[in-house]
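Close look at the chain arrangement
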Amino acid sequence: MTETSRTTILERFFLGLGIGLVAWCAMHLVAMAVLRMVGLDAPLGAAVVAALAAASLLRWSLGHSPGALLAVLGSAVLASLLAVGMASLWRDISYDGQAIHLYSALEISSGLNPFTTSSGMYFSAVYPNGLWTLQSFFIHLVPGLEAGKAPGWMLFFASMPLAAVALRTLRGGWTLAVTLAAVVVQANPVMLLQLTSFELDGVVYSLSVIAVSGAILLTTPYRRVGLAALLAAILLLVNTKITGLYWGGVVGLAVLVQQALTGRALPVRLTAAILLTTVVAVVLVGWRPYVTVPLETGQVLGASTSVVLAPANLFDAGPGTRLAYLLWGASGNPVGAELAQLKWPWQFSAPEFVMLMDIRVGGFGPGFGLQVLGALLVAIAFVCRSPWTWRAERCWLGPFWVGALLLGTALFPTSWWARLVSPFWLATVLPLVWPALEVPHARTGSPPVAIAGWLLMLTGLAVSSVAMVSSLRLLHTTNQAITQVLIQVAAEGTPVRIVPLNPLEQDRAAMVWMQRLLEAGIYPVIGDAAGCGKALFSVGSVHLCTDLDAL
C-alpha cells in the first residue's frame, strides 16, 4: 500500500466521522420537527431515524464499503460518548447558559413541544430551539444536567477533519503549515470556553467552520462530502441562534458566488439545494420562532439588538471602528457609560488575563491583535508572488473566503463583540495555508516576511492561550468551591434560599439551580434577599444563601 493510498484511506475515514456527527445532528432535528408537527414526542425514535439517515448519507457521499461504514459509525458513537463525558466535567456557571439556554433545554426535555406551545420565558419563545432540542435529548438520555452540553462537543469534533482536509486543499498537500493551521482553527477562545457551558456562540463557530470547509471541498473529488457538510451545517446554523441565521446566510451566498466563479455559470442545482435546505430549516425545523413570531407579534424576529449593552463609544460606531475594537480592543467588559479602549497589539495588562468568557471587547484574547498582524504578513508574502498565482486552480479560494468572512463581520451591527462574530477567527487562519499550488514563473515571495508572520501569529496565540487557560482554571476552581459548599449543605441539612437577581420572565437561572439542588438532595425555596441568612455563593444571575424563614 502506497503512502498516498494510506493518506486517502485516513482522509475518507475521518471525513466520514465528521459527516456522520454533523449529519446525525441535522437529521435528528428534522425527525423531531416531523414528530412534533403530528403531536408526538419521541426523541429516542428520532435519534434512531437520524442515525439511519446519516448512515445513508455517508454511503452516498463517500461510497464506504459495509465494513468501513460500520467502522465510521462505531467511531461516531465513541466520539459521542466522549462528548458526553467531556460535557459532564464542568457545571455550567455562565450567565446566559444558566439564565436562558439550560432552562430552555430542560423545558423541552420535560415535554414542551415548541411546534405547538410557546415557552413562558421571553427568550425561549423568540430564539431558535434546534440546539436546545439536541441538548434536551442528552439531558433525557444521560443522568445529570451537564451532559446536555454534548452537542457542542460533537460538532467541535466534527469540524476537525473537515477543516483539516479543506486546509490541505487550499495548500495543495499535507504540510507542517496545514497541521499548525488546523490546530489554530480549533483554538478559538470563544468556542473552547463555551464548551464548558450551554451557550451557543461556540457552536455557531464550529458550524461555520464545517460550512466553509464543505464549500471548499465542493471544488475537490470530495464534492459530495462538501455538499453534505454545507447543507447540514446551514440547517443547524439557522436553528442554533439568530446570529446563526446570519452566518448561514453569509456562507450560503458566498458559496453560490464561489461556484459561479468556478463554473462561470449560475450553479442552479446548488442554489436549489440551498434554498430547499433553508425552507426546511425555517418553516419546518424552525417553525418556532421563524413562522410563529411574525404571526403572533407582527415582527420578523422577536429578538432585538436593544438588549445588547454596549460601551458608550460603540453604540453608533461605523464598520471600521467596530472592526478596530474587535481586532485591537483591550479585553474587558465595558457597558453603558464606560468606554472601550484600543491598545497596541503588543500591549497587555493584568485584567486581560482574568476571564475571557463572554466579554464584550477583545473577546478573542489579548494576543489577537498580534495574530491578525501575523496573518496579514503571511498574506502579504502570498500577494508578492507573480500575478499568475491568483489565476491558478484553487489559489483564489483562500483570499475569497477571507474576504467573505471579513465582509460578513464588517456588516454585522455589533461586530466588536467577538462571540457574536466568532466565525471571523477563521479569516485569520486561512492566509496561513496560501497558496494552493506552486505556479511556474511565480516568485517565491519573501520568506522572511512569511516567517515573521508565523512567529507573530504563534506569539499572539500563546498570549491568548495563557488568558484562556487562566479562565478555565477560574471556572474549574469555582466549580470545585461550589461543589464543596453543596456537599456541606446537604450533609448538614441546611435550608437554602435562591435569590433571583432578574425577573423570572426573562431569566430562569433560579429554576435551573432549583433542579440542581434537588438532584443534590437539597430542598430550596426561591425568594427575595430579605429572607437570607448566611451567604453561600453567587453565580451568574442568582445568589444562594441560608433561608432564615426555615430556621
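Just so it is clear, the structure is predicted and the values come from calculations on it, not from any experiment. (Residues numbered from 1 in each chain as written. Predicted model: local features only at pLDDT ≥ 70, side-chain atom pairs only at ≥ 80, totals over all residues. Heavy atoms only, no water.)

Concerning helix α3 (residues 66-87)
- Between the first and last C-alpha of α3 there are 31 Å, a value that for 22 residues agrees with the 32 Å anticipated at 1.5 Å per step.
- Of all the residues in α3, the buried ones are Leu-69, Val-72, Ala-76, Ala-79, Ser-80, Ala-83, Val-84 and Ala-87. Projected onto a plane normal to the axis of α3, the buried residues spread over an arc of 145 degrees and lie on a single side. In α3, the exposed residues that point more than 90 degrees away from the buried face are Leu-70, Val-77, Leu-78 and Leu-81. (Helix = DSSP H or I, 4+ residues; strand = E, 2+ residues; numbered from the N terminus. Expected span 1.5 Å × (residues − 1). Buried < 20%, exposed > 50% of the residue type's maximum accessible area, 1.4 Å probe, protein only. Arc of directions from axis to C-beta.)

Overview of the side chain of Arg-497
- One can find Arg-497 in strand β1 (residues 496-500).
- Classification of Arg-497 as buried rests on a relative accessible area of 7%.
- Of note is the side chain of Arg-497, whose polar atom sits 3.5 Å from the backbone oxygen of Gly-531. (Polar contact = N/O pair within 3.5 Å; in protein donor to acceptor, adjacent residues only side chain to side chain.)

Focus: the pattern of salt bridges
- Summed over the entire model, instances satisfying the criterion amount to 10 salt bridges.
- In this structure, Lys-241 engages Asp-201 in a salt bridge whose closest nitrogen and oxygen atoms are separated by 2.8 Å. Linking Lys-241 in the loop between α11 (223-238) and α12 (242-263) with Asp-201 in helix α10 (residues 201-217), this pair joins segments that are 40 residues apart in sequence. This pair shows no difference in class: Lys-241 is buried, exactly as Asp-201 is. (Salt bridge = Lys/Arg side-chain N within 4 Å of Asp/Glu carboxyl O.)

Observations concerning the sheet that holds strand β3 (residues 532-539)
- Across the sheet, 4 strands lie side by side as β2-β1-β4-β3; this open sheet has mixed pairing. The open sheet has two edge strands, β2 (525-526) and β3, and neither has a second partner.
- Where β1 lies against β2, 2 bridges are found, and the strand directions are parallel. When the bridges of β2 are listed, Ile-498 appears paired with Ile-526.
- Relative to β3, helix α20 (residues 447-492) is tilted by about 145 degrees, and along the sheet it contacts β1 and β3.
- Helix α21 (residues 509-519) rests against β1, β2, β3 and β4 (542-547) of the sheet, and its axis sits at about 160 degrees to β1. (Pairing = 2+ DSSP bridges. Contact = heavy atoms within 4.5 Å. Axes fitted to C-alpha atoms, helices over the stretch in contact; angles between N-to-C directions.)

Quick word on the packing of aromatic side chains
- All chains considered together, the criterion is met by 23 aromatic pairs.
- An angle of 75 degrees between the planes, with centres 6.3 Å apart, marks the rings of Phe-368 and Phe-424 as edge-to-face. Here Phe-424 lies in helix α19 (residues 424-427) and Phe-368 lies in helix α16 (residues 368-383), a separation of 56 residues in the sequence.
- Through successive ring pairs, a cluster of aromatic residues spans Phe-364, Phe-368, Phe-424 and Trp-425.
- The cationic tip of Arg-516 hangs over the ring face of Trp-513; the distance from NZ or CZ to the ring centre is 4.8 Å. (Phe/Tyr/Trp six-rings, centres within 6.5 Å; stacked < 30°, edge-to-face > 60°. Lys NZ or Arg CZ within 6 Å of the ring centre and 35° of its normal.)

Side note on the pairing of β3
- By the bridge criterion, 5 bridges tie β3 to β4 in an arrangement that is antiparallel. Residue pairing for β4: Phe-537 is matched across the bridge by Leu-544.
- Counting the residues between successive antiparallel strands, the hairpin from β3 to β4 contains 2 residues, one of them, Gly-540, with a positive phi of roughly 60 degrees.

Some points on the packing of helix α13 (residues 268-285) against helix α14 (residues 287-297)
- Contact geometry for α13 and α14: axes closest at 6 Å, N-to-C directions at 70 degrees. When the axis of α13 is compared with that of α14, the two are roughly perpendicular. In contact with Val-282, Val-283, Leu-284 and Val-285 of α13, α14 contributes Trp-287, Tyr-290 and Val-291.
- For the contact of α13 with α14, the residue count by class is 7 nonpolar, no polar and no charged. (Parallel < 35°, antiparallel > 145°, perpendicular 65-115°, else oblique. Nonpolar A, V, L, I, M, F, W, Y, C, P; charged D, E, K, R; others polar.)

Section: the packing of helix α4 (residues 95-109) against α21
- Running from N to C, α4 and α21 cross one another at 60 degrees; their axes reach a closest spacing of 8 Å. Taken together, the axes of α4 and α21 lie oblique to each other. Crossing hand, α4 versus α21: left-handed. Between α4 and α21, the contacting residues are Gln-98, Ala-99, Leu-102, Tyr-103 and Leu-106 on the first element and Ala-509, Met-511, Val-512, Trp-513 and Arg-516 on the second.
- A breakdown of the residues in the contact of α4 with α21 according to their chemical character gives 8 nonpolar, 1 polar and 1 charged. (Left-handed = near helix turned anticlockwise from the far one by under 90°.)

Some remarks on the nonpolar core
- Ranked by size, the top nonpolar core spans 172 residues in total, and within it Trp-24, Trp-401 and Trp-513 carry the most contacts.
- The greatest single-element share of this core, amounting to 14 residues, is contributed by helix α7 (residues 150-171).
- If near-sequence neighbours (up to four positions away) are discounted, Trp-24 is found in contact with Ile-19, Ala-47, Ala-50, Ala-51, Ala-54, Leu-134, Phe-137, Phe-138 and Met-154. (Core = buried A, V, L, I, M, F, W, Y, C linked by side-chain atoms within 4.5 Å.)

Some remarks on the state of the cysteines
- Counted by the stated rule, this structure contains 1 disulfide.
- Each sulfur in the disulfide pair Cys-532 and Cys-545 lies 2.0 Å from the other. Across the S-S bond of Cys-532 and Cys-545 the torsion is about -70 degrees, and the bridge reads as left-handed. Separated by 13 residues along the polypeptide, Cys-532 in strand β3 and Cys-545 in strand β4 bring together distant segments of the chain. Here Cys-532 and Cys-545 have matching classes, each one buried. (Disulfide = S-S within 2.5 Å.)

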